[in-house]
Amino acid sequence: MGGTLVRLTRSSVSARRGDITEVNRMHDSSVAIGGGPAAEDACRSISIGRFAFFVPLKPRRTCSDWVGAQANLRRTVASALAAATGQPASVLVVCHDEPDLEGLDSPALHVLRAPFPEPVGLPEAAGDKARKRRFAAAVLRRAMVEDELYAMFLDADDLVHRDLVRYVLDGGKASYLIDEGYVADLAHRVLRHRTLGFSRSCGSSFVCRFTREELPARWDDLDAPFSQFGAPPDKPGHEHYDQVAAGLARPPILVPFPAVVYVVNHGDNLWSSRRDGRLRPIEHPRGIVSSRAARRVLAEEFSAPDIASLLAGQGRIAWARLVGVRMRLGASAAAFAGARLQSRG
């Protein structure tokens, strides 16, 4: 079988210049990381510390908006790099198509090209995400400075709190579950605070410690403890990661603050869309964060000032609920209610 080139970058700038460090070549379909001593030395020179964010990126062909997907990724990476500042942490982006990460030059950022074919159709999409995480873990197995690290599975459009890495490393527990977080609804321009059940809807809600031997040796290694945190149909989905961790004798503790922003209702994530393609109106304003507080949280705690500038807060929720008023009371009553809301700001 022809060799497939796998490349790794130390930063986005080197990637854009084409100055990319070759890690290894795949010589057959059963070997994901190989290439002899030179490849091993290259992997170890990356110097991955005690914490790693695993960020799989969809192929360009499967994105409805590639420009938007890259913008989301830049925001995600920026928040992860902010959390990694001053900590022995790294961010690994795994992709088929190299993204534009303009302005994110950091020695903690690494971009890996997936050595396997792109997914075909929706059924393979979840498997592609899990394969990319396993490939990054196989690289880290050879690049780790210490014999264990914390892994966080981070979707390419979510945000992490600036204090999360420090909290995990200071605590030193076996695994962590993020069951409190925020949902940033870009279509309705609001931020919702979820105090319970966040991990059931957001895939970026779990951190686990692994030893070097517990990481997969290859991207197709499904037996390693790391590989048990995958996606259906091969493995349980993120909704069950706490149970998987408990089965591996590392039950998670809850992170005691909202540590992730789940970003929804953008080009590739129509979280509240109906079958006809239109967005559902927001029926329940419970948990909606005021616009001033939302902007502060997103800009200062999650390093996402661009999203912060988009939010409109409680007033936007009230306007969205006018859809229901119009249906029930008629246009004149809805117009009257809208005038009152506008006067309140």
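Residues numbered from 1 in each chain as written. Predicted model: local features only at pLDDT ≥ 70, side-chain atom pairs only at ≥ 80, totals over all residues. Heavy atoms only, no water.

## Here we look at unusual backbone geometry
Point 1. Looking along the chain, the bond that leaves Pro232 and enters Pro233 is cis, with omega of 5 degrees.
Point 2. For Pro233, the location among the structural elements is in the loop between strand E11 (206-211) and helix H7 (241-247).
Point 3. Positive phi values are uncommon outside glycine, yet Ser303 reaches one of about 55 degrees.
Point 4. By the element assignment, Ser303 lies in the loop between helix H8 (291-301) and helix H9 (305-308).
Point 5. A relative accessible area of 24% means that Ser303 is categorised as partly exposed. (Helix = DSSP H or I, 4+ residues; strand = E, 2+ residues; numbered from the N terminus. Buried < 20%, exposed > 50% of the residue type's maximum accessible area, 1.4 Å probe, protein only.)

## Quick notes on the environment of Val260
Point 1. Along the chain, Val260 falls in strand E13 (residues 260-264).
Point 2. For the pair Val260 and Phe198, spaced 62 residues apart in the sequence, the C-alpha separation amounts to 9.3 Å.
Point 3. Setting aside residues no more than four positions away along its own chain, Val260 makes contact with Met152, Asp158, Leu159, Val160, Ile178, Gly181, Tyr182, Phe198, Cys202, Ser204 and Phe302. (Contact = heavy atoms within 4.5 Å.)

## Focus on the nonpolar core
Point 1. Counting 43 residues, the largest nonpolar core has Phe51, Phe53 and Met152 as its most contacted members.
Point 2. Of all the secondary structure elements, the ones that give two or more residues to this core are strand E3 (51-56), helix H3 (66-84), strand E4 (89-95), strand E5 (109-113), strand E6 (148-153), helix H5 (164-171) and E13.
Point 3. Per-element tally for this core: the top contributor is H3, with eight residues.
Point 4. The residues contacting Met152, other than those within four sequence positions of it, are Phe51, Ala52, Phe53, Phe54, Val160, Leu164, Ile178, Ser204, Phe206, Val207 and Val260.
Point 5. Residues Ala136, Leu149, Phe229 and Tyr241 belong to the second largest nonpolar core, which totals 29 residues. (Core = buried A, V, L, I, M, F, W, Y, C linked by side-chain atoms within 4.5 Å.)

## Digging into helix H4 (residues 125-143)
Count 3.6 residues to each turn of an α-helix, and residues three or four apart come out pointing the same way.
Point 1. When the terminal C-alpha atoms of H4 are compared, their 27 Å separation across 19 residues agrees well with the 27 Å that a helix rising 1.5 Å per residue should span.
Point 2. Summarising burial for H4: 15 of the 19 residues are buried, a large majority. (Expected span 1.5 Å × (residues − 1).)

## Re the environment of Val289
Point 1. Along the polypeptide, Val289 turns up in the loop between E13 and H8.
Point 2. Separated by 22 residues in the primary sequence, Val289 and Leu311 place their C-alpha atoms 9.9 Å from one another.

## Details of the packing of aromatic side chains
Point 1. This model, assessed by the stated rule, comprises 16 aromatic pairs.
Point 2. Residues Phe54 and Phe226 carry aromatic rings whose centres are separated by 5.3 Å and whose planes lie at 50 degrees to one another, so their mutual orientation is tilted. You can see Phe54 sitting in strand E3 and its partner Phe226 sitting in the loop between E11 and H7, a full 172 residues away along the chain.
Point 3. Of the residues examined, Phe226 reaches a relative accessible area of 1% and is grouped as buried.
Point 4. Judged by centre distance (5.9 Å) and plane angle (75 degrees), the rings of Phe210 and Phe229 are edge-to-face. Residue Phe210 is located in strand E11, and its partner Phe229 is located in the loop between E11 and H7; the two are separated by 19 residues in the primary sequence. Neither Phe210 nor Phe229 differs from the other in exposure class; each is buried.
Point 5. Directly above the aromatic system of Phe116 lies the positively charged group of Arg131, at a separation of 5.5 Å from the ring centroid.
Point 6. When the ring centre of Phe153 is taken as reference, the NZ or CZ atom of Arg133 above it lies at 4.1 Å. (Phe/Tyr/Trp six-rings, centres within 6.5 Å; stacked < 30°, edge-to-face > 60°. Lys NZ or Arg CZ within 6 Å of the ring centre and 35° of its normal.)

## A short note on the sheet that holds strand E7 (residues 159-160)
Point 1. Strand order in the open sheet made by the four strands is E7-E13-E9-E10, with mixed pairing throughout. Strand pairing shows two members of the sheet lacking a second neighbour, E7 and strand E10 (190-194), which therefore form its edges.
Point 2. As paired elements, strand E9 (residues 181-185) and E10 share five bridges and run antiparallel to each other. Its bridge partner lying in E10, Ala184 is registered against Leu191.
Point 3. Against the sheet, H8 engages E7, E9, E10 and E13, with an angle of about 80 degrees to E10. (Pairing = 2+ DSSP bridges. Axes fitted to C-alpha atoms, helices over the stretch in contact; angles between N-to-C directions.)

## Some words on the pattern of salt bridges
Point 1. For the structure shown, the criterion picks out 11 salt bridges.
Point 2. Between Arg218 and Asp220 there is a salt bridge, and its shortest N-O distance comes to 3.3 Å.
Point 3. Asp220 gets classed as partly exposed once you look at its relative accessible area, which sits at 29%. (Salt bridge = Lys/Arg side-chain N within 4 Å of Asp/Glu carboxyl O.)

## With respect to the pairing of E9
Point 1. Of all five residues in E9, five are buried; the element is thus mostly enclosed.
Point 2. The side-chain alternation of E9 yields two buried faces, one formed by Gly181, Val183 and Asp185 and the other by Tyr182 and Ala184.
Point 3. Following E9, the chain reverses through four residues before pairing antiparallel with E10; Arg189 in that reversal takes a positive phi of roughly 60 degrees.
Point 4. Where E9 meets E13, four bridges bridge the pair, whose relative direction is parallel. Bridge pairing in E13 links Tyr182 to Val261.

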